2 protein chains.
Amino acid sequence: MDARTPPSRAAPGALYIGDIARRSGRSVHTIRWYEAQGLMPGVVRDRGRRRVYSDDHIGWLDLVERLRLTGMSIRQLREYTVLVKQGSATLRKRRALLADHQRRVQAMIAKWTEALALVDAKIEFYDEWVAKGSRPAVSAQQRARARPPATRP
Amino acid sequence: MDARTPPSRAAPGALYIGDIARRSGRSVHTIRWYEAQGLMPGVVRDRGRRRVYSDDHIGWLDLVERLRLTGMSIRQLREYTVLVKQGSATLRKRRALLADHQRRVQAMIAKWTEALALVDAKIEFYDEWVAKGSRPAVSAQQRARARPPATRP
DNA sequence: GCTTGACCTAGAGTATGCTCTAGCATGTTC
DNA sequence: GAACATGCTAGAGCATACTCTAGGTCAAGC
């Protein structure tokens, strides 16, 4: 156990909010805010009304981080958390929610990859321009999709 | 030319803000806001102070859309636009800015792909749970990274 | 029993990126 | 020359996701 964990008779392995903030890389503020938003299942309080966590909450916050990172909104995460709180009766719903998210992430990766191709083409265009010393010819496709308006119209 | 283009003696091929809003899929508000943010090079006005655009602005807005979509902030886009406005002296800087962005996008795609693997594993886990009727064993790795806290602690 | 540090709640403030409103001007059409 | 669409500016409002402040409580150590 972390030497900084405040002593308490709540439980021998109990974690307080400062502990999971440090271990999850979030601020104490954010963790309390997540709880207020309904994103923290299974948080109990000790005699002094302090929040008590377990190691599972680190894993949970890690999952939340990845879902947030991949564009899941707080609202959607709340829906998911509600299902988790309801227990095993909601397994299929949870699976469906994650599968929806999976499809969205796959679509986003495809979009980003496509956008990356345009950036690649732009960079190549600048390289040519620098090498030739004059603006290279652009294909009609590129002209239609990527050419900025002239400096002065 | 679009039949809806308002007639004007400004120029035969001139586009007004409503035209490029329709053709770029943005709102008139957004285009004016982009201009206020310094993201619209080469916009001139006609006698009646109306903004006049060219086809190039459609291509520009398309580039802007892709850069925004891939996470470039308005602030960074403004920097890029400033360089575009300054003409060919800033070619190397523009290339460097885009190359930075390219690296960020590549890193993001890698992160998303990694996060997707966790979601995949989660879905598989739920499938097993549903199939077996009881919570499957989780590897220590998965437990540490992805297991939500129990419904009741 | 007093200090110290971590924690508590309620609510205000911030950053980003739009989105909309109000009130007025301009230009075309009938 | 009146109606109507479209445009203009300045600025308010909004959604999202935090982030921080104020003012107080609690437990442990000295």
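Criteria and thresholds
- Residues numbered from 1 in each chain as written.
- Chains lettered and ligands numbered in written order.
- Predicted model: local features only at pLDDT ≥ 70, side-chain atom pairs only at ≥ 80, totals over all residues.
- Helix = DSSP H or I, 4+ residues; strand = E, 2+ residues; numbered from the N terminus.
- Buried ≥ 20, exposed ≤ 12 C-beta atoms within 10 Å, placed from the backbone.
- Contact = placed C-beta atoms within 7 Å.
- Near = placed C-beta within 6 Å.
- Nonpolar A, V, L, I, M, F, W, Y, C, P; charged D, E, K, R; others polar.
- pLDDT = per-residue confidence, 0-100.
- Axes fitted to C-alpha atoms, helices over the stretch in contact; angles between N-to-C directions.
- Parallel < 35°, antiparallel > 145°, perpendicular 65-115°, else oblique.
- Left-handed = near helix turned anticlockwise from the far one by under 90°.

## Let's talk about the overall build of chain A
- Within chain A one finds six helices and two strands.
- When the helices and strands of chain A are listed from N to C terminus, the series reads α-α-β-β-α-α-α-α.
- When each of the 153 residues of chain A is scored for burial, the buried share is 22%.
- Sequence-distant contacts, at least 24 apart, represent 51% of the contacts inside chain A between residues at least 6 apart.

## As for the protein's contact with DNA strand D
- The environment of DNA strand D is made up of 21 residues, and the closest members are A:Gly48, A:Ile74, B:Tyr16, B:Gly18 and B:Arg51.
- Contributing elements (two or more residues each) for the surface near DNA strand D: helix H2 (28–36) and helix H4 (74–85) of chain A together with helix H1 (17–24) and helix H2 (28–36) of chain B.
- Among the elements that take part in the surface near DNA strand D, H2(A) stands out by supplying three residues, more than any other.
- Among the residues making up the surface near DNA strand D, the classes are represented as seven nonpolar, seven polar and seven charged.

## A look at the environment of B:Thr81
Residue and element names in this part refer to chain B.
- Inspection of the secondary structure assignment puts threonine 81 in helix H4 (residues 74–85).
- Spatially, the C-alpha atom of threonine 81 lies 19 Å from that of alanine 21, the residues being 60 residues apart in sequence.
- Setting aside chain neighbours within four positions, we find threonine 81 in contact with Gly38, Leu39 and Pro41.

## Examining unusual backbone geometry
All names here are of chain A.
- Located in the positive-phi region is arginine 49, a residue other than glycine, with phi close to 65°.
- Secondary-structure assignment places arginine 49 in the loop between strand S1 (44–45) and strand S2 (51–52).
- A residue is classified by how many C-beta atoms lie within 10 Å of it, and arginine 49, with 6 of them, is exposed.

## Considerations on the protein's contact with DNA strand C
- Taken together, 23 residues sit near DNA strand C, with A:Tyr16, A:Gly18, A:Arg51, B:Gly48 and B:Ile74 positioned nearest.
- Residue composition of the surface near DNA strand C, by class: eight nonpolar, seven polar and eight charged.

## A short note on the confidence of the model for chain A
- Averaged over all residues, the pLDDT of chain A equals 86, while 82% of them reach at least 70.
- Here residues 1–10 of chain A is modelled with pLDDT under 50, and outside its nearest four sequence neighbours on either side it reaches 10 contacts, counting other chains as well.

## Brief notes about the packing of H1(B) against helix H3 (residues 55–69) of chain B
Residue and element names in this part refer to chain B.
- Between H1 and H3, whose axes approach to 10 Å, the crossing angle comes to 45°. In terms of axis orientation, H1 runs oblique to H3. In the packing of H1 onto H3, the handedness of the crossing is right-handed. Here Ile20, Arg23 and Ser24 of H1 come into contact with H3, specifically with His57, Ile58 and Leu61.
- The residue inventory of the contact of H1 with H3, partitioned by class, reads three nonpolar, two polar and one charged.

## Description of the environment of B:Pro41
- For B:Pro41, the location among the structural elements is in the loop between H2 and strand S1 (44–45).
- Between the C-alpha atoms of B:Pro41 and B:Lys85, which are 44 residues apart in sequence, the distance is 6.1 Å.

## Considerations on the environment of B:Val43
All names here are of chain B.
- Looking at where valine 43 falls in the secondary structure, it is placed in the loop between H2 and S1.
- Accessibility expressed as a C-beta count within 10 Å gives 18 for valine 43, which makes it partly exposed.
- In sequence terms valine 43 and arginine 75 are 32 residues apart; their C-alpha atoms lie 19 Å from each other.
- Excluding its chain neighbours within four sequence positions, the residues that come into contact with valine 43 are Glu35, Arg51 and Tyr53.

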